[in-house]
Structures are given as C-alpha cells and as structure tokens.
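Tertiary structure, described
Here's the letter readout for the chains.
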Amino acid sequence: MTVSAGPVPRRSAGATAARRQNRAAYALVLPFIIVFAAMLIVPLAYSAYLSFFRTQLVGGEQFAWLANYLRAFTDPSFLGGLGRMAIFLVIQVPIMLGLALFFALALDSGRIRGSKALRLLFFVPYAVPGVVATLMWGYIYGPDYGPIAQVVRAMGLAAPNLLSSHSILGSMMNIVTWEYVGYNMIIMYAALRAIPQERYEAAEIDGAGQFRIAWSIKIPAIRSAIMLTVIFSIIGTFQLFNEPSLLHTAAPNSVGDDFTPNFYAYNVAFVNQDVNYAGALAFLLGIVIAVISYFVQTAQNRRQGEKR
Amino acid sequence: MTETLTRTERKATSVPQRRDSRRSNLLSILLWLCALYFVLPLVWLLIASTKDNSDLFSTFGFWFGRGFSLWDNLVSVFTVRDGQFARWGLNTIIYAGVSAIGASLLATMAGYAFAKYKFPGATAMFSVILGAIMIPLTALALPTYLIFNSIHLTNTMWAIIVPSLVSPFGVYLMRVYAADSVPDSLLEAARMDGAGELRIFWQVGIRLLSPGIVTVFLFSLVATWNNYFLPLIMLNSSDLYPLTVGLAQEQSASAAGGGAQALFSTVITGSFISVVPLVIAFLFLQRYWQSGLATGSVKG
C-alpha cells in the first residue's frame, strides 16, 4: 500500500511481493487454522447444537429450546459444584498466587542462597501428572497409614481425617496449590527478570526498602504477567477434573460425582448417557469462565486507569 | 510470613553493604523450608516405592521399611498383567512426543505468520484464537468424542494425538516471541537475495525461534503426558492407555480389593517411574524454556 506512491513499474513489483507474502502467510497459518477449526470450532458448535435438544424414550430427539439450560439453573448438583468452585476461587487462587509472587520476588531480590536450585525445586511438581499427584497425596492424607496422621499421632494427638467430607475441599486445594505454585512463580519470575535494573536501582540508592521497591516498582511492572496467571487460574479452577475424579475413588463418601461442575458434566455424559444435558452444562461452564475472566480483567483495567 | 519478610529485608538494606554480602540468611532459611513442602511428597513417593505392601501401611512414611523391595517392585511394575506398564509408557511417549512435535510446529508457523506478515483476516483470526484459550476442556471433549465416535476414530491413537495438536496459547507465545526475536531487516535482506518466503521461514525464522519452540514443545509435551481426561473418554482398550489412565485404573482396582490387592506398592512405584522422564526433560532444557516463557509473560 505504501508503495503506491512510487513509480508505476515498482508499484506492480510491490503488489506482486505483497501478494507473494500474503500467500506465504496463509500457507503458514492454514495448517493450524484447519486443525483449530476441526478440533475447537466444530466440536463447540456441535456441543451448542446438542444442548438445544432432548432425547426421550418415546419420540427420540426433540428440539427443546432452552429446557436444558433452565434445568441446569435449578440443578442442585450443578449449582453446588459451581459454589464449591467459587469457594476454591476465593480461597485457593489468592493463596497460590500470593505464594508464587512471594517466591518470585524473593528469588529475584538476589538475597537467597541457592536460588537456582530453589527455583527448580518449586517448579518440579508441575512436571508431575495431576493423576500421580492426587494419588500420592491421597496416600499421604490417609487417616490410618498416611505420614501426616503418623506424625500427628506420634505427638500424642488425634489424627485428623483429611479425606472426610469436611476437610476434602481443603485437601484438594492443597493438592492444586502444590502442583501449580511453581508454574505461576516461573511466569512471574520471568517477567521480573525482564524489568530493566535502572528502574529500581535509583530507588535502592535513595534508601527505599526491598518491600517498598517490590510493592511500588516491581509488582506494577509485572502486572500483565500476574493477570495472565489469574486468568489461567480461574480457567483451571472451573475445569478441575483429575483431582475430584481420583479422590472420588479414594473417598467416595466425601467426593460425590457432582463435586466439581466438570466432573459432574462428565458423569452426566458418560454415566447417565445424557449428552444433551451434558452439552448444556459444558456450555454454561464456559460462559461462567468467560464472564468471570472478563470481569476480573475489566476491574483490573479500571484500577489501572484510576492510578494514572 | 510477610511480617518476617519485611523485617529481614529492611534489615538487609538498612546497612549499606557490598553486593556479594547482601544475601539474607533469614529469607534463605524461610525459602528452603518452603521448598520442603514441594519436595517432601516426592521424597515420600521415592521411599514408598522401596517398600512392599505390608511395610507401606505399617512403617513410618518418611523412612525406609523393614525390607528394601525397590527391585521387586520394579519387576512387579513391568510384569504385572503381562507387562502392560511398558506398553502404557510407550503409548505415553508416542502420544506426548507426536503431539508436542506437531503442536509446536503448527504453533510456530502460525505465530510467525501473525507476527511477521500483515494479511487480510489476521486480526480476526488471532482474536478468535486468543478467545479459545478460555474454552473449558469438557465443552470440547464431549462433542469431540461424539464426532470421533461417528467416524470410528475413538479407541485409536489418533483420538489422543489430533485434539492435542491445537495449542492456542502456543500460537500466542510464538507470535510474541517471533515479533521480538526475528528482525524485519533480516527478512528484507533475505528477500533481496531472492529467497522465497517459506525458505526464509525454514532457514532463518526457525533458527531464531528455537528457544520459543522448545518452550511450546515442552509445555505441549507436559500437557499431553499429563492428560487424563481425554484418553479416559476416548479409549477403552487398555492396550492403548497412557500411563495416567493405566495407573488410575490400577489404583482403583487395588482399592476395590479383589485379587489385585498386592498392587498398591506396584502402583506407587509405577507412579514414581512415570514422573522421572518429565523432570529430567525440564532439568536439561531449562535454559530454553525459561527464556521462552520470559518473552511470553512480559508482553502478556
């Protein structure tokens, strides 16, 4: 487009070059777009389509308008799961991200002995499959033989039942925290490393404490990285599946088949064979995630705007 | 905890010190204590895999049992049910390896194109891809299963590999990375030399993008290696299981009792083995993935 001001022969050469570049760009993007459309767009559309139908013993599949969605709004299993995940979101996510931020700032401050080794040790749980992590913690929680119960008993106290229905949500929060603190820490740490040192060296010379520097220089500088971890955590929370599904086997009385919305949708689809209702549940869950992520982002942007 | 942090850090800075003596003992000790939280469960897993079934439930978790049965457990892991564990391991390597190579290739090509070319529809396509990061897995897994079922692809390796090829976050990361690390002047120079666009990508682009590619590769590798949901719904013959589904089924079989009671220590040893390869991959490739992540998170 910019070439149009040039002489005529160059213009056509520029146009061919632009066309050649467009063709190359499409050739590079196309393979991804094809798989993306086939594995994301088509299933999503199909899921939406399914959610508007109802399968009945007599009459087969029938168009049901929003019946499945209305059913979900009054389904105590679905609402209960959403409620549990809301608690999870309000308690576990701040703890996990707070720890991650604290570790990232501490490692970045250059005041830690063996910081390189620590960084890796914090990160290692991320490489452990969620299935293995849950299995392992399931043994560690075990009220009869688990090491936590052993230690508590050795101190002469009554061992807590970490798999009881009262404590299972907390136990699950702990597993997820254990798995993902290091991952979030690495994202924040990488962003911290990218802050140019001059930005806070002056403050250091002026005698500002590390806490002050972290609060008013470092944390604002990595706000976008923190936002990324918040959004990922919201998505991750509402999608919890591995942990409830395995703890359901370990402690069936504490973890019901509707413990998390995702686990519930799975059971509706594959145990109850009600794909139409499961499609509606999955779709609603996606909407809930999108709405919460959107509100968190706009709230954040507004706060940023006020500060300026 | 923040209370102690501020106090120690203030103390550390209140006295002007030379750079090398700025280390804070208190903060170091605090962090190393925190590290125990992350490491102890894995230490327990390692110790537990040296115990036989009775020691597992009767001796202290953080110390070795009366006998040392690591070897017996390993033998049992690989021989129980005609050595299916090795089959699961191989499946996991195939699923994770092929998916990760495919996903990082697709993401690299697309990310590079989004970063380096202005073409009609680019913005719209990229925003759709970004939005897709938020789509919950179940919303997709169920209809994907139904679609695959109707074209007879369930219970095949493709059912795991094809859906794992899509990595919207990988495209996002590669776009940011390519914008930063592939200078336009270099592309112009290559064009002057008469190189075709695709050749420039293969010979110039790929080389400059390699840390980003390793990052996307590793994270897709982990995502597929650790995936439990997709193979759980897609596969029903145990010959095709990856480690996650295999171990979970062995565990529930053990918990259900029956004739398979001796399996607890086998499951634990198997779990331990399944963790080792990824930890090693992350250790050896850390220089790459850390620099790759750095770009992605800064621009996020």
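Residues numbered from 1 in each chain as written. Chains lettered and ligands numbered in written order. Predicted model: local features only at pLDDT ≥ 70, side-chain atom pairs only at ≥ 80, totals over all residues.

Taking an unreviewed UniProt entry as the reference, chain B is identified by name as ABC transporter permease belonging to Planotetraspora silvatica. Its UniProt record gives chain B a comment under Sequence similarities (unreviewed entry), which states: "Belongs to the binding-protein-dependent transport system permease family." Per UniProt, chain B has the following entry under Subcellular location (unreviewed entry): "Cell membrane". (UniProt positions renumbered as here; feature names shortened; annotations may be inferred.)

With an unreviewed UniProt entry as reference, chain A is termed ABC transporter permease, source organism Planotetraspora silvatica. As stated in UniProt under Sequence similarities (unreviewed entry), the record for chain A gives "Belongs to the binding-protein-dependent transport system permease family." What the UniProt record of chain A gives under Subcellular location (unreviewed entry) is the line "Cell membrane".

Focus: the overall build of chain A
When helices and strands are tallied, chain A shows 13 helices and two strands. Computed over the C-alpha atoms, the radius of gyration of chain A is 26 Å, more than 25% above the 19 Å expected from 2.2 N^0.38 for a compact globule of 308 residues. With respect to the three principal axes, the spread of C-alpha positions in chain A is 85 × 75 × 35 Å. Buried residues in chain A amount to 44% of all 308 residues. Long-range pairs, those at least 24 residues apart, make up 64% of the contacts in chain A with a sequence separation of at least 6. (Helix = DSSP H or I, 4+ residues; strand = E, 2+ residues; numbered from the N terminus. Rg over C-alpha atoms; globule rule 2.2 N^0.38 Å. Buried ≥ 20, exposed ≤ 12 C-beta atoms within 10 Å, placed from the backbone. Contact = placed C-beta atoms within 7 Å.)

Remarks on the overall build of chain B
If you tally the helices and strands in chain B, you get 14 helices and zero strands. Overall, chain B shows an N-to-C arrangement of helices and strands of α-α-α-α-α-α-α-α-α-α-α-α-α-α. Within the span of chain B, comprising 300 residues, buried residues form 45% of the whole. A fraction of 71% describes how many contacts in chain B between residues 6 or more apart in sequence connect residues 24 or more apart.

Quick word on the domain arrangement of chain A
Domain annotation for chain A reports domain 1 (2-50) and domain 2 (75-307). Distance from the C-alpha centre of domain 1 of chain A to the C-alpha centre of domain 2 of chain A: 38 Å. (Domains from an automatic or database assignment.)

A look at helix α5 (residues 130-141) of chain A
Residues spaced three or four apart along an α-helix face the same direction, because each turn holds 3.6 residues. Over its twelve residues, α5 of chain A runs 16 Å from end to end, which matches the ideal 16 Å to within 8%, given 1.5 Å per residue. With twelve of twelve residues buried, α5 of chain A is to be regarded as a mostly interior element. Along α5 of chain A, the residues classified as buried are Gly 130, Val 131, Val 132, Ala 133, Thr 134, Leu 135, Met 136, Trp 137, Gly 138, Tyr 139, Ile 140 and Tyr 141 of chain A. Looking at the buried side of α5 of chain A, the elements it contacts are α6 (147-154), α7 (168-193) and α11 (242-250) of chain A together with α2 (25-48), α12 (243-255) and α13 (264-284) of chain B. (Expected span 1.5 Å × (residues − 1).)

Notes on the UniProt feature "transmembrane region" (unreviewed entry) in chain A
Residue and element names in this part refer to chain A. Under the UniProt annotation, "transmembrane region" (unreviewed entry) lies at residues 25-46, 85-108, 120-142, 162-183, 221-241 and 277-296. Secondary structure within residues 162-183 divides into 73% helix and 0% strand; the distance between the first and last C-alpha atoms comes to 25 Å. End C-alpha atoms of residues 221-241 are separated by 34 Å, and the span's content is 81% helix alongside 0% strand.

Here's the deal with the interface of chain B and chain A
Chain B puts 80 residues into the contact, and the matching count from chain A is 86 residues. Partitioning the side of chain B that touches chain A into residue classes produces 59 nonpolar, 16 polar and five charged. (Nonpolar A, V, L, I, M, F, W, Y, C, P; charged D, E, K, R; others polar.)

Looking at the UniProt feature "transmembrane region" (unreviewed entry) in chain B
Residue and element names in this part refer to chain B. Here, the residues flagged by UniProt with the feature "transmembrane region" (unreviewed entry) are residues 26-47, 93-114, 126-148, 160-179, 200-225 and 262-285. The distance from the first to the last C-alpha atom of residues 26-47 is 30 Å, and the span holds 100% helix and 0% strand. A helix fraction of 70% and a strand fraction of 0% characterise residues 160-179, whose end C-alpha atoms lie 32 Å from each other.

Section: the packing of helix α3 (residues 76-108) of chain A against α7 of chain A
Residue and element names in this part refer to chain A. Following both chains from N to C, one finds α3 and α7 inclined at 40°, their axes separated by 7 Å at the closest point. Classified by the angle between their axes, α3 and α7 sit oblique to one another. Once α3 is placed against α7, the crossing between them reads as right-handed. (Axes fitted to C-alpha atoms, helices over the stretch in contact; angles between N-to-C directions. Parallel < 35°, antiparallel > 145°, perpendicular 65-115°, else oblique. Left-handed = near helix turned anticlockwise from the far one by under 90°.)

Some thoughts on α12 of chain B
Across its 13 residues, α12 of chain B extends 18 Å between first and last C-alpha, which sits within 8% of the 18 Å expected from 1.5 Å per residue. Here α12 of chain B has its buried residues at Leu 243, Thr 244, Val 245, Gly 246, Leu 247, Ala 248, Glu 250, Gln 251 and Ser 254 of chain B. For α12 of chain B, the elements touching its buried residues are α5 and α11 of chain A together with α4 (70-116), α11 (229-234) and α13 of chain B.

Things to note about the UniProt feature "domain: ABC transmembrane type-1" (unreviewed entry) in chain A
In the numbering used here, UniProt assigns the "domain: ABC transmembrane type-1" (unreviewed entry) feature to residues 82-296 of chain A. End C-alpha atoms of residues 82-296 of chain A are separated by 17 Å, and the span's content is 74% helix alongside 0% strand.

Digging into the environment of Ala 141 of chain B
Residues and elements named next belong to chain B. Checked against the element boundaries, Ala 141 lands in helix α6 (residues 137-150). The class of Ala 141 is buried, set by 24 C-beta atoms lying within 10 Å. With residues up to four places along the chain from it excluded, the contact list for Ala 141 reads Phe 229, Leu 230 and Ile 233.

Some words on the confidence of the model for chain A
When pLDDT is averaged across chain A, the result is 87; 94% of the residues are at 70 or more. Of all the helices and strands in chain A, strand β2 (residues 60-63) of chain A carries the lowest mean pLDDT, 79, while α3 of chain A carries the highest, 95. (pLDDT = per-residue confidence, 0-100.)

Remarks on the environment of Leu 153 of chain B
Residue and element names in this part refer to chain B. Here Leu 153 is to be found in the loop between α6 and α7 (158-161). For the pair Leu 153 and Leu 106, spaced 47 residues apart in sequence, the C-alpha to C-alpha distance is 22 Å. Among residues more than four places away in sequence, those in contact with Leu 153 are Phe 148, Trp 158 and Ala 159.

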